[in-house]
2 protein chains.
Amino acid sequence: MATTFNRIVLASRPTGPVTPDNFRLESVTAPDLADGQVLVRHHYLSLDPYMRGRMNDSRSYAQPQPLDETMIGGTVGEVVESRNSHFKAGDKVVGMGGWAEYAVVDASQRGVLQKVDTTHIPLSAYLGAVGMPGVTGWYGLTQICEPKAGETVVVSAASGAVGGAVGQLAKARGCRAVGIAGGPDKCRYVVEELGFDACIDYKTHSDGKALNKALKEAAPNGIDCYFENVGGWIMDTVLLRMNAFGRIAVCGMIAGYNGEPLPMANPALILVSRLKMQGFIVSEHMEKWPEALKELGTLVATGKLKYRETVSQGLASAPEAFMGLLKGANFGKQLVKLI
Amino acid sequence: MATTFNRIVLASRPTGPVTPDNFRLESVTAPDLADGQVLVRHHYLSLDPYMRGRMNDSRSYAQPQPLDETMIGGTVGEVVESRNSHFKAGDKVVGMGGWAEYAVVDASQRGVLQKVDTTHIPLSAYLGAVGMPGVTGWYGLTQICEPKAGETVVVSAASGAVGGAVGQLAKARGCRAVGIAGGPDKCRYVVEELGFDACIDYKTHSDGKALNKALKEAAPNGIDCYFENVGGWIMDTVLLRMNAFGRIAVCGMIAGYNGEPLPMANPALILVSRLKMQGFIVSEHMEKWPEALKELGTLVATGKLKYRETVSQGLASAPEAFMGLLKGANFGKQLVKLI
């Protein structure tokens with residue numbers, strides 16, 4: 001009884017902004033399961049900024065997404081058929097099934113599929129606050145920034161899945177948390193719902209001078225830790241306000257309009273302020289995931305770590321939702337609901 | 001019996017390149033010693049790039065050099081008179097006496113004056129390989145770069161007092177050491193006398209493309225550690241060849257011709273290559289000096305750590321020697337001999 005389902009493949013690489021033509025929806029039939037394999041029906045698909053980089057064919061930290069293959073992506077769902085003794089039909093699982101309604105997973109490979117408990121934590125949260133974005137925030141904050149109580153932590157893209165976790169984890173450690181986000185709605189959410197001490201709207205403080213002034217007010221004792229999700233002129237401005245011995249976790253950096261590198265205006269500040277600046281990719285630190293997920297899961301289950309989701313409906317909506325994500329149209333974690 | 005001696009004060013702050021007019025030689029008389037004070041006759045004065053920054057009246061990690069006061073600087077010499085029970089006439093000492101033939105030192109303040117042993121180590125070495133420059137190289141290499149045997153360490157300004165120590169300490173740790181220096185004489189010295197594996201002359205590889213090619217040949221397995229003494233286009237080029245998880249100790253960064261910041265071309269490499277980049281100032285890590293000086297002193301006393309000195313004669317020669325240092329005219333540690 002073969003399962004036929006829809007998937008989205010990368011049809012072409014973008015030259016400039018991503019367009020719907022870069023994707024192709026197609027119907028495929030799942031092969032019969034081999035020993036060790038399971039068939040997973042996806043409930044939610046995660047859309048994340050890193051996918052944009054994979055669509056290029058350039059040197060980066062990860063292999064490019066192959067053309068004509070299912071777009072990469074995190075997924076949560078339910079096992080519907082299993083030829084693996086560790087999984088049975090009905091198990092809720094998180095994996096990397098990609099932009100598809102179903103996936104055949106070789107579950108005997110360690111780490112590719114994880115059973116999750118949905119008693120106290122919603123299934124979708126395993127793609128956000130208790131998943132890769134949450135662990136990304138946790139890792140950069142706790143392993144690179146290492147904030148002490150009383151210090152000031154600034155995070156860009158603060159209303160997003162990563163940034164929201166960073167600020168709330170910083171608050172839980174006794175820090176002052178200051179967000180940077182785009183627009184009054186996001187800033188209000190960051191302060192009123194997520195509990196940050198302040199949030200700066202970079203759209204109304206849209207140059208270095210205005211942002212610098214706003215940072216001076218929001219972080220009157222200077223900035224000890226910066227969680228970098230964007231780069232460019234926002235990074236340049238935050239650097240000016242870093243305290244001596246500040247730490248910067250580099251999680252994301254945008255490129256210029258045509259993909260060219262955006263320079264850093266004044267790298268000598270790294271010396272003048274004795275800063276530590278460190279880039280990281282959370283999937284390279286799997287040894288830390290259990291510790292991170294334990295803290296994040298407990299906080300979500302007890303309602304102490306809040307998050308928001310933007311959910312688009314149906315696989316076919318994924319390309320448009322993804323293009324919206326790249327423009328900042330989402331609010332919190334961007335998901336595609338498949339069931 | 002009052003001692004009259006010469007000193008050099010900062011007469012004016014430079015606007016652009018340093019000129020002789022920025023300094024003034026004058027004669028002063030030492031006051032009678034108070035309790036706890038000693039009078040030191042300087043044998044050598046150290047000239048160092050950091051002094052240029054102090055001549056400005058701008059925000060940096062240190063206080064500006066005050067006008068009309070003795071120029072700051074490290075010194076070695078001999079106690080000639082003492083009202084401090086820990087020092088007696090004839091003791092050889094290292095301190096921060098400044099650009100002067102003598103200094104009255106309140107030696108009861110901890111750390112301002114250190115007795116040194118000249119049995120196996122020349123007195124002048126306490127201003128170089130067994131002093132601030134040596135410890136600077138040691139700290140950046142061992143505490144920030146943390147190289148492992150088999151890794152490749154690149155250092156700019158490799159023939160200088162700091163860079164030379166970095167490469168030799170890296171070799172002692174089983175690393176491949178690659179220097180960058182200006183001119184064939186300096187490069188030959190770095191390889192033949194200091195024992196680096198390779199040295200690149202940035203004057204004959206004078207743009208990013210040429211330097212990149214030379215680095216590819218000199219560091220065929222990529223670069224794991226970079227000790228940064230210069231910044232600018234050399235840093236931009238080295239960054240392109242850093243391996244994943246590379247470490248960069250930032251010790252020095254030049255500014256542009258008119259003092260404006262020089263940008264970093266592609267900071268996204270910090271993320272793409274998951275680099276750690278950290279600025280430091282060795283005087284803020286006094287707790288590590290004993291460990292560093294022990295290793296450096298042993299290596300110098302046993303002839304395993306080599307260095308070169310450029311010595312100008314007499315206090316009046318200090319301004320010109322300093323201007324030469326800023327242009328790279330010195331070869332190894334720049335000193336002024338006062339006796």
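Being a predicted model, the structure only gives us computed values, none of them experimental.

**So, the overall build of chain A**
Broken down by element type, chain A carries 9 helices and 15 strands. When its C-alpha atoms are laid out on the principal axes, chain A stretches across 65 × 45 × 35 Å. Looking at chain A as a whole, 54% of its 339 residues are labelled buried. Considering only contacts within chain A whose residues lie at least 6 apart along the sequence, 67% involve residues at least 24 apart. When the accessible area of chain A is evaluated, it comes to approximately 14,800 Å², of which 51% is carbon and sulfur surface. Looking at chain A, you have 34 positive and 33 negative side-chain charges, and the mean spots of the two groups are 6 Å apart.

**Observations concerning the sheet that holds strand E12 (residues 242-250) of chain B**
Sheet strands pair by backbone hydrogen bonding; their relative direction is either parallel or antiparallel. One open sheet accounts for 12 strands, arranged E10(A)-E9(A)-E8(A)-E11(A)-E12(A)-E13(A)-E13(B)-E12(B)-E11(B)-E8(B)-E9(B)-E10(B); its pairing is mixed. Of all strands in the sheet, those bounded by a partner on one side alone are strand E10 (198-201) of chain A together with strand E10 (198-201) of chain B. Between one strand axis and the next, the sheet turns through 15 degrees on average, direction left out of account. Where strand E8 (residues 152-156) of chain B lies against strand E11 (residues 223-228) of chain B, 3 bridges are found, and the strand directions are parallel. What sits directly across from Val155(B), in E11(B), is Phe227(B). Relative to E10(B), helix H4 (residues 184-193) of chain B is tilted by about 170 degrees, and along the sheet it contacts strand E9 (176-181) and E10 of chain B. Each of E8, E9, E10 and E11 of chain B touches helix H5 (residues 208-218) of chain B; the most contacted strand, E10(B), lies at about 175 degrees to it.

**Some remarks on helix H9 (residues 318-326) of chain B**
Residues and elements named next belong to chain B. Taken across its 9 residues, H9 has 7 buried, putting it largely inside the fold. Of all the positions in H9, only Ala318, Pro319, Ala321, Phe322, Met323, Gly324 and Leu325 are classed as buried. Elements in contact with the buried residues of H9: strand E1 (4-10), strand E2 (23-29), strand E3 (37-46), helix H1 (50-54), strand E14 (309-313) and strand E15 (333-337).

**What to know about the relation of the copies chain B and chain A**
Structural alignment of chain B on chain A gives an RMSD of 0.0 Å, achieved by rotating through 180 degrees and translating 0.0 Å along the axis. Read as a symmetry element, the transformation amounts to a two-fold axis. Looking at the interface residues of chain B, 100% of them are also at the interface in chain A, so both copies use one shared face.

**Let's talk about the pairing of E12(B)**
All names here are of chain B. The pairing of E11 with E12 spans 5 bridges and is parallel. Bridge pairing links Ile223 to Met242 in E12. The parallel pair E11 and E12 is bridged by helix H6 (residues 232-240), and the resulting crossover is right-handed. Two strands pair when backbone bridges link them, and E12 and strand E13 (residues 276-279) are joined in this way by 4 bridges, in the parallel orientation. Residue pairing for E13: Arg247 is matched across the bridge by Lys276.

**A word on the interface of chain B and chain A**
Listed by partner, the interface residues are 32 residues for chain B and 32 residues for chain A. Taken together, both faces of the contact between chain B and chain A bury some 2,600 Å²; the carbon and sulfur share is 64%. Our count for the contact surface shared by chain B and chain A stands at 2 salt bridges. One salt bridge connects Arg274(A) with Glu284(B), and the closest N-O pair in it is separated by 2.3 Å. Here chain B and chain A share 6 residue pairs in polar contact (both at pLDDT 80 or more) between them. Put simply, the parts of the chain that give the side of chain B that touches chain A at least two residues each are H6, E12, helix H7 (268-272) and E13 of chain B.

**As for helix H9 (residues 318-326) of chain A**
Each α-helix turn comprises 3.6 residues. Residues three or four places apart therefore point the same way. The inward-facing, buried residues of H9(A) contact strand E1 (4-10), strand E2 (23-29), strand E3 (37-46), helix H1 (50-55), strand E14 (309-313) and strand E15 (333-337) of chain A. Positive phi shows up at Gly328(A), right after H9(A), with a value of about 80 degrees.

**Some remarks on the pattern of salt bridges**
Counting across every chain of the model gives 35 salt bridges over all chains. Close ionic contact of Arg247(A) with Glu151(A) constitutes a salt bridge, the shortest N to O distance being 2.6 Å. Taken as a pair, Arg247(A) in strand E12 (residues 242-250) and Glu151(A) in the loop between helix H2 (132-145) and strand E8 (152-156) lie far apart in primary sequence, 96 residues in all. When sorted by exposure, Arg247(A) lands in the same class as Glu151(A), which is buried. For Arg83(B), the salt bridge identified is with Asp35(B), shortest N-O distance 2.6 Å. Placement of the pair is Arg83(B) in the loop between strand E4 (75-82) and strand E5 (92-95) and Asp35(B) in the loop between E2 and E3, with a sequence separation of 48 residues.

**Concerning the state of the cysteines**
The tally for this structure, following the rule as stated, stands at 0 disulfides over all chains. Note on Cys145(B): no disulfide assigned, nearest cysteine sulfur contributed by Cys225(B) at a separation of 4.7 Å.

**Considering the domain arrangement of chain A**
Residues and elements named next belong to chain A. As far as domains go, chain A holds domain 1 (4-128 + 307-337) and domain 2 (132-283). For domain 1 versus domain 2, the distance between C-alpha centres works out to 28 Å. Between domain 1 and domain 2, the residue contacts involve 13 residues of the former and 12 residues of the latter. Our count for the domain 1 to domain 2 interface comes out at 1 salt bridge. With its nearest N and O atoms 2.6 Å apart, the salt bridge here joins Arg308 to Glu193. For the pair domain 1 and domain 2, the number of links is 5 residue pairs in polar contact (both at pLDDT 80 or more). For the side of domain 1 that touches domain 2, a count of residues per class yields 6 nonpolar, 4 polar and 3 charged.

**As for the packing of aromatic side chains**
Throughout the structure, instances matching the rule amount to 14 aromatic pairs over all chains. Aromatic pair Tyr189(B) and Phe331(B): ring centres 4.9 Å apart, planes at 85 degrees, arrangement edge-to-face. Separated by 142 residues along the polypeptide, Tyr189(B) in helix H4 and Phe331(B) in the loop between H9 and E15 bring together distant segments of the chain. Of the two residues, Tyr189(B) and Phe331(B), both sit in the buried class. By way of ring pairs, the aromatic residues Phe23(A), Trp99(A) and Phe322(A) are connected into one cluster. Over the ring of Phe87(A) we find Lys115(A), and its NZ or CZ is 5.6 Å from the ring centre.

Reading guide: rules and limits
- Residues numbered from 1 in each chain as written.
- Chains lettered and ligands numbered in written order.
- Predicted model: local features only at pLDDT ≥ 70, side-chain atom pairs only at ≥ 80, totals over all residues.
- Heavy atoms only, no water.
- Helix = DSSP H or I, 4+ residues; strand = E, 2+ residues; numbered from the N terminus.
- Buried < 20%, exposed > 50% of the residue type's maximum accessible area, 1.4 Å probe, protein only.
- Contact = heavy atoms within 4.5 Å.
- Areas by Shrake-Rupley, 256 points an atom, 1.4 Å probe, with all protein chains shown as cover.
- Lys, Arg positive; Asp, Glu negative; His and termini not counted.
- Charge placed at Lys NZ, Arg CZ, Asp CG, Glu CD.
- Pairing = 2+ DSSP bridges.
- Axes fitted to C-alpha atoms, helices over the stretch in contact; angles between N-to-C directions.
- Least-squares fit on C-alpha atoms with pLDDT ≥ 70 in both.
- Right-handed = clockwise from strand over helix to strand, strands pointing away.
- Buried area = accessible area lost by both parts, 1.4 Å probe.
- Salt bridge = Lys/Arg side-chain N within 4 Å of Asp/Glu carboxyl O.
- Polar contact = N/O pair within 3.5 Å; in protein donor to acceptor, adjacent residues only side chain to side chain.
- Disulfide = S-S within 2.5 Å.
- Domains from an automatic or database assignment.
- Nonpolar A, V, L, I, M, F, W, Y, C, P; charged D, E, K, R; others polar.
- Phe/Tyr/Trp six-rings, centres within 6.5 Å; stacked < 30°, edge-to-face > 60°.
- Lys NZ or Arg CZ within 6 Å of the ring centre and 35° of its normal.

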